[in-house]
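Summary of structural features
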Amino acid sequence: MIMTIKEIMEYLPHRYPFLLVDRVTEAEKGEFIKGYKNISLNEPFFNGHFPNNPIMPGVLIIEAMAQLSGILGFLTVGRKPSDGVVQYLAGSSKARFKRPVVPGDRLSLESRMISGKRGIYKFECRALVDDEVVCVAEILTAEREV
């Protein structure tokens, strides 16, 4: 399953500048999802992180993995925000950062569902650049009505 930005926006309530998934390249309900975020010097966070040494903030890498995981949660249960629900980031653990992400990188994102019960989902995530792991983390999302 491939999703363009238009389709991604049906599954995520986020919008610029906080939508951090540009494309979904693979997905299998209840199993895994893969996608990416193209990193441009024009990203608003580079103005202050850091001037003359632009590095993507680690918390935004975690957020990108959480957004991708949220899409997988929605796909798994066959729902969307238009159904009156959202996937909130409920937690992260075991996060490790291996190297900086800089303008010009393509941040590849991978998420594998570990468990899901009563609207709480746990995922094992990785972020990579050029097949090199830049971040790993476990992400927890919670589906809630809005």
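Above this text you will find the structure in question.
Residues numbered from 1 in each chain as written. Predicted model: local features only at pLDDT ≥ 70, side-chain atom pairs only at ≥ 80, totals over all residues. Heavy atoms only, no water.

Looking now at the pattern of salt bridges. All chains considered together, the criterion is met by 10 salt bridges. Here aspartate 105 and arginine 99 are joined by a salt bridge, their closest N and O atoms 3.7 Å apart. Glutamate 110 is the partner of arginine 126 in a salt bridge, and the nearest nitrogen-oxygen pair spans 3.0 Å. Of this pair, arginine 126 sits in strand β5 (residues 120–129) while glutamate 110 sits in strand β4 (residues 106–117), and the two are 16 residues apart along the sequence. With a relative accessible area of 22%, glutamate 110 lands in the partly exposed category. (Salt bridge = Lys/Arg side-chain N within 4 Å of Asp/Glu carboxyl O. Helix = DSSP H or I, 4+ residues; strand = E, 2+ residues; numbered from the N terminus. Buried < 20%, exposed > 50% of the residue type's maximum accessible area, 1.4 Å probe, protein only.)

Right, let's talk about the environment of leucine 20 for a bit. Note on placement: leucine 20 falls in the loop between α1 (5–11) and β1 (23–28). Each C-alpha atom of the pair leucine 20 and methionine 65 lies 8.6 Å from the other, and the pair is 45 residues apart in sequence. If near-sequence neighbours (up to four positions away) are discounted, leucine 20 is found in contact with Lys37, Leu60, Glu63, Ala64, Gln67 and Leu109. (Contact = heavy atoms within 4.5 Å.)

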